[in-house]
Amino acid sequence: MNATVAAEDTPGVFLWNDPTVPVTARVDALIDAMTLQEKTAQLYGVWVGASDQGDEVAPHQHDMEEAVDLDTLLPFGLGQLTRPFGTVPVDPALGALSLARTQTRIAATNRFNIPALAHDECLAGFAAWGATVYPVPLSWGATFDPDTVRRMAAAIGRDMRAVGVHQGLAPVLDVVRDARWGRVEEAIGEDPYLVGTLGTAYVQGLESAGIVATLKHFAGYSASRAGRNLAPASVGPRERADVLLPPFEMAIREGRPRSVMSAYTDTDGMPSAADEDLLTGLLRDTWGFDGTVVADYFAIAFLKTLHGIAADWAGAAATALRAGVDVELPSVKTYGAPLADAVADGRVPEAAVDRALRRILTQKAVLGLLDPDWNPVPTALDGADLDDPAALRGRIDLDGADNRALARTVAEEAVVLLRNDGTLPLGRPRRIALLGPNADEPTAVLGCYSFPQHIGVRHPGTPLGIELPTLRDALAAEFPDAEITVARGTGIDDGDLSGLHEAARAAREADVALVVLGDRAGLFGRGTSGEGCDVATLALPGAQQQLLDTLLDQETPLVTVLLAGRPYALGRAVRESAAIVQSFFPGEEGTHAIAGVLSGRTNPSGRLPVSVPRGPGSQPATYLGARLAHASEVSSIDPTPAFAFGHGLSYTRFEWTDLVVDAHEAPTDGEFILAFTVRNTGGRSGTEVVQVYLHDPVASVVQPVQRLIGYARVALEPDEARRLRVTVPADLASFTGRDGRRVVEPGDLDVRLAASSADPRLTVRVTLTGAERHVDHTRRLHATVEQEPAARA
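In this report, we go over the structure that sits alongside the text.

Conventions adopted
- Residues numbered from 1 in each chain as written.
- Predicted model: local features only at pLDDT ≥ 70, side-chain atom pairs only at ≥ 80, totals over all residues.
- Heavy atoms only, no water.
- Core = buried A, V, L, I, M, F, W, Y, C linked by side-chain atoms within 4.5 Å.
- Buried < 20%, exposed > 50% of the residue type's maximum accessible area, 1.4 Å probe, protein only.
- Helix = DSSP H or I, 4+ residues; strand = E, 2+ residues; numbered from the N terminus.
- Contact = heavy atoms within 4.5 Å.
- Pairing = 2+ DSSP bridges.
- Polar contact = N/O pair within 3.5 Å; in protein donor to acceptor, adjacent residues only side chain to side chain.
- Axes fitted to C-alpha atoms, helices over the stretch in contact; angles between N-to-C directions.
- Parallel < 35°, antiparallel > 145°, perpendicular 65-115°, else oblique.
- Left-handed = near helix turned anticlockwise from the far one by under 90°.
- Nonpolar A, V, L, I, M, F, W, Y, C, P; charged D, E, K, R; others polar.

It is worth spelling out the nonpolar core at this point. One finds Phe 126, Tyr 202, Phe 218 and Tyr 335 to be the most contacted residues of the largest nonpolar core, which totals 189 residues. Here this core takes 8 residues from helix 7 (residues 192–208), the largest share from any one element. When sequence neighbours within four positions are dropped, the list of residues in contact with Tyr 202 reads Cys 122, Trp 140, Val 149, Met 152, Ala 153, Ile 156, Ala 170 and Pro 171. The next biggest cluster of nonpolar side chains, apart from the first, holds 34 residues, and it includes Ala 411, Ile 432, Phe 479 and Val 516.

Structure representation (structure tokens):
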């Protein structure tokens, strides 16, 4: 190494190791000292699994990659370690030791003593054995509560950071466009504002704990044709700009994430991983993002194998690097020797390698990985005897009481009461029939990216690592004096009808019957929900509808409970079930949350983040549709949902009154201020979710009938009232106009204050005046809802 790069004031310390030197200077000096092979080594990861004995990690073998020889790779350095905790079951303390020992080796083996950046999944909690499993993102959407989501993300981030992980692959900001898509459970909802606000809160929480948050999947993944995973996305530029991109824009502006993951999708023939206009032009040049862009797993290789826009691995590497993909994940396929070949033959300039490398090394410098006092031992192992791995087992608890309490709070806020004829809350029933395939199934509360469903299913002899009480267990605790009879009736998707008679008999002999239906999360066809588990229709899987109809034929009141990853059509139950309770994979505390709603211990406050269809074949349809997307006399298909976006019932009642508007006109760069009162007129405390929708009756291009622009949870005691003040900036009326620019047009607008997208309580017509106005990524993004202190009549 060149002595000229040594720091002047710290002899023996090279410039890039000196934390007193500006990061840009440290990174520039390091890049100048590296060979091309050392540079490219920082641009890829290696998929590994930590050792349950505390030894160094072992490379993970996958059918889409070749075997990796660490002895050959590590002398040149290594950019990332892929999923050390999320690949095989490992005790957290021994996993942390394994990672620390591996990092020591990585740093000692390369010339510059640079460790790897370790990443893992954290979609519904840290995807590690024994870590808390929180509700899936679709349940976050049901909470309409950014503050709680932010706290949850911070807790997840603290656990990850404590064991040596630097980056988390979450949140998913894909807006649901077709509920048949298997990854609906991973999305937050069908509205871009809801997705953006809750996703931004998650980013803020994760980043507050020192974890690099990764927005995914950029962009268009959820708009794939017919809800098929990895299918081409059929979206025009306006749908992309006004529906799919705003959550990413908001999260980047307000959350400051340090990483973005490119999507697998091709949109109008352009794969995201090859889209320079998207990854560089929009993301960096316009929005100002300065972090790293990482490839979704194998996405660069897919440019050759699936998309067919590259003839060889070198061509795929050159295309992705030029577009703006900085890091190849999960392992090295194209950014190693093929990328070096592409530089050598002129397909990509070395400056493009340096551009990506600068972003990667900057991130490592900020994380302290280049500092001379960098320590591979994470904080969770402080003071431990690292020479005695056996004594470490069980030292780290990733599922403590605080985590579980927070998981229960999220789960309780996410339970949605869709229908209730007065049967709920149950009171003190003497005989309960608990029926259905998810009635006594511990993993029915878990999503596809939870560790037990994602990894644990491949290790059947390994304990789950967390407590997972079934709904039967939770009901037994909630109703200790009740006799509970359990009958499965049918499986999730086996079509077995042999148990229907037993279930019907149990229902007839009970005071109340609960049927627990829904999904089994899995990967690539191993479940009914999850990545690669797409469906042709939104009919309940297997014979569950037959079971439901059989139970509706009995005289006993029937409560339908859904533990699912997507909304399903429920047929007769929409009208005939005594009550319907919807929960989207609510995590390890989910059954307690549901039991609390059934008993009345918890007053439900969840609201639907996705519409529940009336029929199984009306997809794709969301509440965001334009006029022609809604029911009409010229089509025999009625997409009107059974339960609309934002819908959810309570055990109390709320009255909305006294709407006052400060002015009915405002300029196109102004704002409107509304005030109104919400009162709890029922007999118990509860939370109303106030939703603010905007309707533009006349615009130069077709607009959705309405769209969410603000919301707030309003907690009130009986007979308490609260005055709310809503500020609606004119910027929120903007949309992508005919010329492709975002515009605010003069004209009338309806502001709807609503309990759901189908339940407006107060509406006001206002008018924007003056000249048409163009806005950009600096526009205002929120209708703010301020709450005065509650008062009694």
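This part covers the sheet that holds strand 23 (residues 735–736). If you walk across this open sheet you meet the 3 strands as 23-24-27, and the pairing is antiparallel. At either end of the open sheet lies a strand with only one pairing partner, and these are strand 23 and strand 27 (773–774). Sheet analysis places strand 24 (residues 742–744) next to strand 27, joined by 2 bridges and oriented antiparallel. When the sheet's bridge partners are listed, Val 744 is paired in strand 27 with Arg 773.

Attention shifts here to the environment of Arg 713. Looking at the element boundaries, Arg 713 is found in strand 21 (residues 707–716). When the C-alpha atoms of Arg 713 and Glu 688 are compared, they prove to be 5.9 Å apart, with 25 residues separating the residues in sequence. If we ignore the near neighbours within four places in the chain, the residues touching Arg 713 are Thr 143, Phe 144, Asp 145, Glu 413, Ser 605, Thr 687, Glu 688, Val 689 and Gln 787. Among the polar contacts made by the side chain of Arg 713, one reaches the main-chain carbonyl oxygen of Thr 143 at a distance of 2.9 Å.

Counting buried residues in helix 12 (residues 313–323) gives 9 out of 11 residues, a clear majority hidden from the surface. Residues Ala 314, Gly 315, Ala 316, Ala 317, Ala 318, Thr 319, Ala 320, Leu 321 and Ala 323 constitute the buried set of helix 12. Looking at the buried residues of helix 12, the elements they touch are helix 10 (276–286), helix 11 (299–305), helix 13 (337–344) and helix 14 (350–366). The positive-phi residue at the C-terminal boundary of helix 12 is Gly 324, with phi of around 125°.

A few words on the packing of helix 6 (residues 146–162) against helix 16 (residues 401–414). The geometry of helix 6 relative to helix 16 is characterised by a closest axis approach of 10 Å and an angle of 150° between their N-to-C directions. With respect to helix 16, the axis of helix 6 lies roughly antiparallel. Our pair here, helix 6 against helix 16, has a crossing hand that is left-handed. Counting all contacts with helix 6, which are made through Thr 148, Arg 151, Met 152, Ala 155 and Asp 159, the residues of helix 16 involved are Asn 403, Leu 406, Thr 409, Val 410 and Glu 413. Of the residues assigned to the contact of helix 6 with helix 16, the class counts are 4 nonpolar, 3 polar and 3 charged.

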